[in-house]
Amino acid sequence: MEMFCYQCQEAAGNTGCMKVGVCGKKPETAALQDMLIHTVKGISVFAERTVEGADDFHRAGEFITGAMFMTITNGNFDDARLKEAIERGLALRGELAARYGDEIEGDLPGAAAWTPEGGIDPSKTPGDASVRSGDSEDVRSLRELLVYGIKGICAYAHHAKVLGYEDDGIYSFVIKGMAAAAKDLGADELTGLVLEA
């Protein structure tokens, strides 16, 4: 199984690990992390329709911050936990889609419509879940810079939640940012979101 992971300063050749991570990450784990992020993007597309402070908003915000924290550099290589998080995320996305899907005009982004056939299988990662998906290198780079910024925000938000603190403004931004990462946005829009992050 091939992989492409460039989420840390240790990346092979300073570009990305393609067979196994310099850190020891296996290709299957990298694929599951990509799938979890893809799932979060799909949740965010629907969660954008929730009302700040409402139950669905909080459930989405809590899930997103915890899931993104699971994907930080060298943070979680437990494939079983990653699969379980993807399954919980897909269930949450399904609930949000049932409540808010009719409010979305046009075609859904791939992350909002993807359903794994035959269970969570790292060898069947959707093409648009890859950090290399898309035509423009600038847009891909900005999208991933946004995602990595959000990972950092989520790590702090997750720790704060454990200590009993939450901020709806943080949840609003990570939902907005991850939904944007699922959409076909241009460089200017993504640059604004990166600066906001």
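Notes on the structure follow. (Residues numbered from 1 in each chain as written. Predicted model: local features only at pLDDT ≥ 70, side-chain atom pairs only at ≥ 80, totals over all residues. Heavy atoms only, no water.)

A few words on the nonpolar core. The biggest cluster of nonpolar side chains holds 47 residues, and the ones touching the most others in it are L36, I64, M68, I86, L96 and I150. Contributing elements (two or more residues each) for this core: α1 (27-47), α2 (55-70), α3 (79-100), α4 (110-113), α5 (137-162), α6 (168-182) and α7 (187-196). When neighbours within four sequence positions are excluded, I150 is seen to be in contact with M68, F173, V174, G177 and M178. (Core = buried A, V, L, I, M, F, W, Y, C linked by side-chain atoms within 4.5 Å. Buried < 20%, exposed > 50% of the residue type's maximum accessible area, 1.4 Å probe, protein only. Helix = DSSP H or I, 4+ residues; strand = E, 2+ residues; numbered from the N terminus. Contact = heavy atoms within 4.5 Å.)

What follows is about the packing of α5 against α7. One can describe the packing of α5 onto α7 by two numbers: an axis separation of 9 Å at closest approach and a directional angle of 25°. When the interaxial angle is binned, α5 and α7 end up roughly parallel. Along this stretch, α5 crosses α7, giving a crossing that reads as left-handed. Along its contact with α5, which presents V139, L142, R143, L145 and L146, the element α7 presents A187, L190, T191, L193 and V194. (Axes fitted to C-alpha atoms, helices over the stretch in contact; angles between N-to-C directions. Parallel < 35°, antiparallel > 145°, perpendicular 65-115°, else oblique. Left-handed = near helix turned anticlockwise from the far one by under 90°.)

The next point concerns the side chain of T71. By secondary structure assignment, the location of T71 is in the loop between α2 and α3. Setting aside chain neighbours within four positions, we find T71 in contact with Q7, Q33, L36, I37 and K151.

The next subject is empty space enclosed by the protein. Evaluation of the coordinates by the stated rule reveals two cavities of 30 Å³ or more. A volume near 170 Å³ is recorded for the largest cavity. In this structure, the largest cavity is lined by 19 residues; those nearest its centre are D34, I37, V131, E144 and Y148. Counting only elements with at least two residues in the lining of the largest cavity, the list comes to α1 and α5. Looking at the lining of the largest cavity, the element that brings in the most residues is α1, giving six residues. Space inside the second largest cavity adds up to approximately 60 Å³. Along the walls of the second largest cavity sit C5, Y6, Q7, C8, A11, C17, G21, V22, C23, K25, T73 and N74, which together make up its complete lining. Its residues placed into classes, the lining of the second largest cavity shows seven nonpolar, four polar and one charged. (1 Å grid on protein atoms, 1.4 Å probe; cavity = no way out; pocket = protein on both sides within 12 Å on 5 of 7 lines; lining within 4 Å. Points joined across faces, edges and corners; volume = space filled by probe spheres on them. Nonpolar A, V, L, I, M, F, W, Y, C, P; charged D, E, K, R; others polar.)

By the definition in use, this model includes nine salt bridges. In this structure, R59 engages E95 in a salt bridge whose closest nitrogen and oxygen atoms are separated by 2.4 Å. A residue pair is termed long-range when its members are at least 10 positions apart, and R59 in helix α2 and E95 in helix α3 qualify at 36 residues. Owing to a relative accessible area of 27%, R59 belongs among the partly exposed residues under this scheme. Across the salt bridge formed by E144 and R143, the nearest N and O atoms sit 3.4 Å from each other. Note on accessibility: E144 and R143 belong to one class, buried. (Salt bridge = Lys/Arg side-chain N within 4 Å of Asp/Glu carboxyl O.)

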